[in-house]
Amino acid sequence: MYEDLKYWYLRDHKLFRTLSYAQIKQLCIITGFKKASKGEIIYFSTSDLPRIFLLKKGNIKIVAVDDEGNETIKDIIQKGDLFGELTLESDDKNEEYAKVLSDDVTICSFLMSDFEDLLLKNPKLALSYTKFVGLKMKRVKNSYANLISKDAKTRLYQFLKNWAEQEGSKNGNVVTIENYLTQNDIAQIICTSRQTATHLLNEMESNNLLSYNRKEIIIQDITKI
């Protein structure tokens with residue numbers, strides 16, 4: 001059963017569209033398959049056997065840890081995204097881990113060494129992978145640029161707009177987002193204190209811009225934020 005699931009998961013991902021049926025079946029042999037629950041940690045950058053992960057269902061946060069033990073959310077991983085040792089190089093200077101945000105997730109993964117061998121044998125896949133990672137790194141870079149150049153309120157508005165665009169359910173200008181983030185998560189994402197994030201969200205509620213609770217966020221008019 002898992003072999004069939006792995007085949008369909010991989011075949012449907014845009015990264016592997018250049019591979020033939022036989023190549024994807026071969027890829028299934030080296031692919032790990034895992035389901036995980038909310039709060040579970042599924043990846044540490046300090047692992048002795050570095051892996052590349054493909055998220056097929058759910059949401060995950062990547063948390064960076066500095067030398068003093070302070071944690072910052074580095075990225076939110078969504079369906080179809082890759083995470084792990086994407087540069088195919090282990091970097092002992094950067095400590096991070098991945099933690100499940102949604103009720104459950106489904107993940108495929110590859111040992112970095114196996115994936116490197118696969119790329120060497122499939123130049124088209126190597127090119128697709130380079131483009132995929134390049135676009136991801138560009139998105140992260142733009143996110144950091146926004147953090148540096150904008151104030152906390154603007155960062156929050158931009159984050160909510162991006163979140164609504166990626167995962168929101170739209171009805172006219174009203175957008176409903178399934179909320180799997182705590183206020184502390186949101187604060188870390190926009191690089192501010194929890195108190196500031198809470199104040200800004202409460203201010204938006206007072207101004208009838210959104211309704212916020214632990215299960216969903218309803219943006220009353222996406223054009224106003």
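Computed from a predicted model, the values in this text were never measured in an experiment.

J.: Can you break down the side chain of Ser45 residue by residue, with the values?
T.: With respect to the secondary-structure elements, Ser45 resides in the loop between strand 2 (41–44) and strand 3 (51–57). Separated by 2.9 Å, the side chain of Ser45 and the backbone nitrogen of Glu96 make a polar contact.

J.: Which residues make up the nonpolar core, and what values go with them?
T.: Membership of the largest hydrophobic core comes to 27 residues, with the highest contact counts inside it found for Leu160, Leu181 and Ile219. Counting residues per element, the ones that place at least two in this core are strand 5 (71–77), helix 5 (152–167), strand 10 (174–178), helix 6 (183–189), helix 7 (194–206), strand 11 (210–212) and strand 12 (216–219). Element by element, the count of residues in this core is highest for helix 5, at seven residues. Two domains each donate at least three residues to this core, and these are domain 1 (1–144) and domain 2 (151–219). Setting aside residues no more than four positions away along its own chain, Leu181 makes contact with Ile76, Leu101, Phe159, Trp163, Ile186, Ile189 and Tyr212.

J.: Quick rundown of the domain arrangement of the protein chain? Include the residues and the values.
T.: Here the protein chain is described as being made up of domain 1 (1–144) and domain 2 (151–219). Using only C-alpha atoms to locate each centre, domain 1 and domain 2 end up separated by 27 Å. Each partner contributes residues to the interface: domain 1 has eight residues there, and domain 2 has eight residues. For the pair domain 1 and domain 2, the summed buried area comes to about 800 Å², and 53% of that belongs to carbon and sulfur atoms. The three residues of domain 1 that bury the most area against domain 2 are Ile73, Gln78 and Leu101, which together make up 51% of that side's buried surface. On inspection of domain 1 and its partner domain 2, the count reaches one salt bridge. A salt bridge links Asp185 to Lys61; the nearest nitrogen and oxygen atoms lie 2.8 Å apart. Linking domain 1 with domain 2 are six residue pairs in polar contact (both at pLDDT 80 or more). The dominant element in the side of domain 1 that touches domain 2, judged by the number of residues it contributes, is strand 5, at four residues. Its residues assigned to classes, the side of domain 1 that touches domain 2 comprises three nonpolar, three polar and two charged.

J.: Summarise the sheet that holds strand 4 (residues 60–65); cite the residues concerned and give the values.
T.: Spatially, 2-7-4-5 is the arrangement adopted by the four strands of the open sheet, whose pairing is antiparallel. Each edge of the open sheet carries a strand with a single partner, namely strand 2 and strand 5. In this sheet, adjacent strand axes meet at a mean angle of 25 degrees when their direction is disregarded. Note that strand 4 and strand 7 (residues 95–100) share six bridges and pair antiparallel. Looking at strand 7, one finds that Ala64 is bridged to Glu96.

J.: Help me get a handle on the environment of Tyr157, residues and values and all.
T.: When you line up the elements, Tyr157 lands in helix 5. Of the residues examined, Tyr157 reaches a relative accessible area of 15% and is grouped as buried. Distance in space between the C-alpha atoms of Tyr157 and Leu201 is 9.8 Å, their sequence separation being 44 residues. Here Tyr157 is in contact with Met204, Leu209 and Ile225, once residues within four sequence places are set aside.

J.: If you had to explain the layout of surface pockets to someone new, which residues and values would you point to?
T.: Quantified by volume, the largest pocket comes out at close to 1100 Å³. Around the largest pocket, the lining comprises 39 residues; the ones closest to its centre are Asp75, Ile76, Gln78, Arg139 and Gln166. Mapped onto the lining of the largest pocket, the elements with two or more residues apiece are strand 5, helix 4 (123–149), helix 5 and helix 6. When residues in the lining of the largest pocket are grouped by element, the largest group, twelve residues, is from helix 4. Looking at the lining of the largest pocket, its residues break down into 15 nonpolar, twelve polar and twelve charged.

J.: Tell me about the pairing of strand 7, residues and numbers included.
T.: Looking at chain direction, strand 2 and strand 7 are connected through three bridges and run antiparallel. Residue pairing for strand 7: Tyr43 is matched across the bridge by Ala98.

How each quantity is defined
Starting afresh in each chain, residues are numbered from 1 along the sequence in its written order. Whole-chain, interface and lining totals are the exception, using all residues; otherwise, since this is a predicted model, local features are given only for residues with pLDDT of at least 70 and side-chain atom pairs are given and counted only at 80 or more. To get the side-chain values, all heavy atoms of the structure are used, and hydrogens and water are removed first. Segments assigned H or I by DSSP are reported as helices when at least four residues long, segments assigned E as strands when at least two residues long, and all are numbered from the N terminus. In protein, a polar contact requires one atom able to donate a hydrogen and another able to accept it; more generally it is a pair of N or O atoms within 3.5 Å, and residues adjacent in sequence count only if both atoms are side-chain atoms. As used in this record, nonpolar core signifies buried Ala, Val, Leu, Ile, Met, Phe, Trp, Tyr and Cys residues forming a set joined through side-chain atoms within 4.5 Å. Buried means the residue's accessible area, taken with a 1.4 Å probe over protein chains only, is under 20% of the maximum for its type, while exposed means over 50%, and partly exposed covers the values in between. Boundaries of every domain are those given by an automatic assignment or by a domain database. Two residues qualify as a contact provided that any one of their heavy atoms is within 4.5 Å of a heavy atom in the partner residue. Simply put, the buried area is the total loss of 1.4 Å probe accessible area from both parts when two parts are fitted together. A carboxyl oxygen of Asp or Glu within 4 Å of a side-chain nitrogen of Lys or Arg is what we treat as a salt bridge. For this classification, Asp, Glu, Lys and Arg are treated as charged, while Ala, Val, Leu, Ile, Met, Phe, Trp, Tyr, Cys and Pro are nonpolar and the rest, including Gly, are polar. Strand pairing is assigned whenever DSSP identifies at least 2 bridges connecting the two strands. To define axes, lines are fitted to C-alpha atoms, for helices over the stretch in contact only, and angles between the resulting N-to-C directions are given on a 0 to 180 degree scale. Buriedness of a pocket was judged along seven lines, with at least five required to meet protein on both sides within 12 Å; pockets are open sets of points on a 1 Å grid over the protein atoms alone, cavities are sets where a 1.4 Å probe fits but cannot get out, and lining residues have an atom within 4 Å of a point. Grid points are joined across faces, edges and corners, and a volume is the space filled by probe spheres set on the points.

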